[in-house]
Amino acid sequence: MTAEERLSLLDKVIYGSGEWTSAIAGTTRSLFLNYFLVSVVGLVPNMVGLILLLGRIWDAVNDPLVGVISDRLSTRWGRRRPMMLMAALPLGLLFALLWFRPPAASTAWLFVYFVIVSLALDTAYTVFAVPHTALVAEITQDYDHRISIVAWRNAFYLLGALITAGMFKRFAEDFTIAWGWADNILQGYMVTGWLFGLSLMIAPVLIFWRLREPAHVRVPKQVNPLRAFQAVFRNQPFRALSASYFLAFTGLEIVVVSFIWYLQFVLQAPSGMDDTLAGLLLLGAFVTMPLTNLLITRFGKRKSYLLVGAAWIVSIPLAAMFPTGGFRAFVPYCLWLGFIYGAGITVPGAMLPDVMEHDELQTGERREGTFTAYLTFFRKLGSALAVLIVNFILARSGLIEGTAGTGIVQPQSVVVALRFIIGILPTLMVAGSLWVIRYYPITKTYHEEIKAKLKQSPNVTTTSRAESSISLDP
């Protein structure tokens, strides 16, 4: 590996810090938003599922469009970083508005409000997240060094998710009221939304200031999203990776979305212990990240994917077997589940950049933003589908809405439904993911062959940023 392909420790830290933004936006919406809208705001579960589904329909347009623009953008600062900087302020403001309940609003107006804010926040998040994820394929082409960079990125994600899981709900419902910052839970969530929202704006500024992009890139020849879609899905390794990732991530999200309710209604964790246990799960993922890095380096990316998936299939059904009220016995299980979760989100992220070199060899173009956009879309679609599935099942089981802080006990049918949701459904999804990933062909040896062919290929032309068709230079 050349010196140009190796990032300094500071560069890795600053690049990885971008996942703090993704962690806050992602963890709160996966772990707490569904709970907030149903149990605090008082919307019915099916209405909340529809809010998120509308967001994913918009993402089908928004994500690929941002990816294509990111690939074709030309400025004196590069293709990716200006978009990330542009997203910073909207991210902070819109995140805060997501945790605000308009006063004296009818259910219909609440629905409209949260649809608008959710769509706008999704758009701002995409403008940041797609270029940020795509950047890793440009700042190094070394197979092993990418593992290290992705590990740093996911370490920040897990650190942010850990702090969010352990503090967001407790801060909103306890600390803000105890410290006199809020008079009730609704105000507590509003204050907490502003505090966490402001933190989202830091990483985009740091990344824009510190990192540098390649001076010359192989840009796509067209900006048509439909043609970009066709080109991306002609890539067989990407088809296998994206389909497998969608199945696995949906399974993971089903666990995350139902986790707080499972802790409260099945394990009967006392107040404050529910988010502590969620934090323990993410702590397990964070502290075992070096082990995950070692696993991928030792066995390769595809084999590591299979090993982690197999461990998930063996482990997750155990969650449905814990006795009612058995939250104490759940503690060591959370740590082990955290390791599997951390490895499960790290391995696909390390595989994606290798797909892009395969595409470059076939087409002579670099489409990091487009590939990243579609994988981001599948992740968000999986997240919305998880909410839709969980809310549909819980609504049919008789879940009572608006019970936060009331002490109302849910019916036994809800307990049975949660055991099914957290133990059986994710297992089936991950099993399907492992079946699909068998068709992913890129190994370390094959990737080295791709890089060698790219250096020799007469069909691949290096194009300066200045020749791109979209320019924002003053």
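Details of the structure are given in the entry above.
Computed from a prediction, not measured in an experiment: that's the story for all the values here.

Asks: Would you explain the overall build of the protein chain in this entry?
Replies: A tally of helices and strands in the protein chain yields 18 helices and 4 strands. Residues classed as buried in the protein chain amount to 61% of the 474 residues present. For the protein chain, the proportion of contacts with a sequence separation of at least 24, taken over those separated by at least 6, is 85%.

Asks: How should I be thinking about helix H1 (residues 9-41) in this particular structure?
Replies: In an α-helix, one turn spans 3.6 residues, which is why side chains three or four residues apart end up on the same side. Remark: the principal bend of H1, roughly 50°, maps to Phe32. Across the 33 residues that make up H1, a large majority, 28, are buried. Positive phi shows up at Gly42, right after H1, with a value of about 100°.

Asks: What exactly am I supposed to notice about the packing of helix H2 (residues 45-72) against helix H4 (residues 107-134) here?
Replies: The packing of two helices is summarised by the inter-axis angle and the distance between the axes. Relative to each other, H2 and H4 sit at 30°, their axes nearing to 9 Å. Taken together, the axis directions place H2 and H4 in an arrangement best described as roughly parallel. The two elements H2 and H4 cross, and the hand of that crossing is right-handed. Across the contact of H2 with H4, the residue classes tally to 14 nonpolar, 8 polar and 4 charged.

Asks: What am I meant to see in the pattern of salt bridges here?
Replies: Pairs can form between side chains of opposite charge whenever their charged atoms are close. What the rule picks out here adds up to 4 salt bridges. The salt bridge involving Asp122 is made with Arg29; its shortest N-O contact spans 2.5 Å. Of the two residues, Asp122 sits in helix H4 while Arg29 sits in helix H1, which places them 93 residues apart along the sequence. Using a relative accessible area of 1% as the deciding quantity, one classes Asp122 as buried. Judged by relative accessible area, which is 15%, Arg29 ranks as buried.

Asks: Hey, could you run me through the nonpolar core in this one?
Replies: Across soluble globular proteins, you tend to see nonpolar side chains buried next to one another. Phe114, Phe259 and Tyr341 are the most contacted members of the largest nonpolar core, which totals 114 residues. Excluding residues within four positions of it along the chain, Phe114 makes contact with Phe36, Leu37, Val41, Leu43, Ile51, Leu98 and Phe100. Counting 27 residues, the second largest nonpolar core, distinct from the first, contains Ile147, Ala240, Val355 and Leu434.

Asks: Explain a nonpolar patch on the surface to me, please; I cannot follow it from the model alone.
Replies: A contiguous nonpolar surface patch, about 300 Å² in accessible area, is contributed by Leu50, Leu53, Leu54 and Ile57. Along the chain, the position of Ile57 falls in helix H2.

Conventions used here
Residues numbered from 1 in each chain as written. Predicted model: local features only at pLDDT ≥ 70, side-chain atom pairs only at ≥ 80, totals over all residues. Heavy atoms only, no water. Helix = DSSP H or I, 4+ residues; strand = E, 2+ residues; numbered from the N terminus. Buried < 20%, exposed > 50% of the residue type's maximum accessible area, 1.4 Å probe, protein only. Contact = heavy atoms within 4.5 Å. Bend = angle between axes of the 7 residues up to and from the residue. Axes fitted to C-alpha atoms, helices over the stretch in contact; angles between N-to-C directions. Parallel < 35°, antiparallel > 145°, perpendicular 65-115°, else oblique. Left-handed = near helix turned anticlockwise from the far one by under 90°. Nonpolar A, V, L, I, M, F, W, Y, C, P; charged D, E, K, R; others polar. Salt bridge = Lys/Arg side-chain N within 4 Å of Asp/Glu carboxyl O. Core = buried A, V, L, I, M, F, W, Y, C linked by side-chain atoms within 4.5 Å. Patch = residues over 30% accessible without salt bridge, like charges linked within 9 Å, V, L, I, M, F, W, Y side chains within 5 Å. Areas by Shrake-Rupley, 256 points an atom, 1.4 Å probe, with all protein chains shown as cover.

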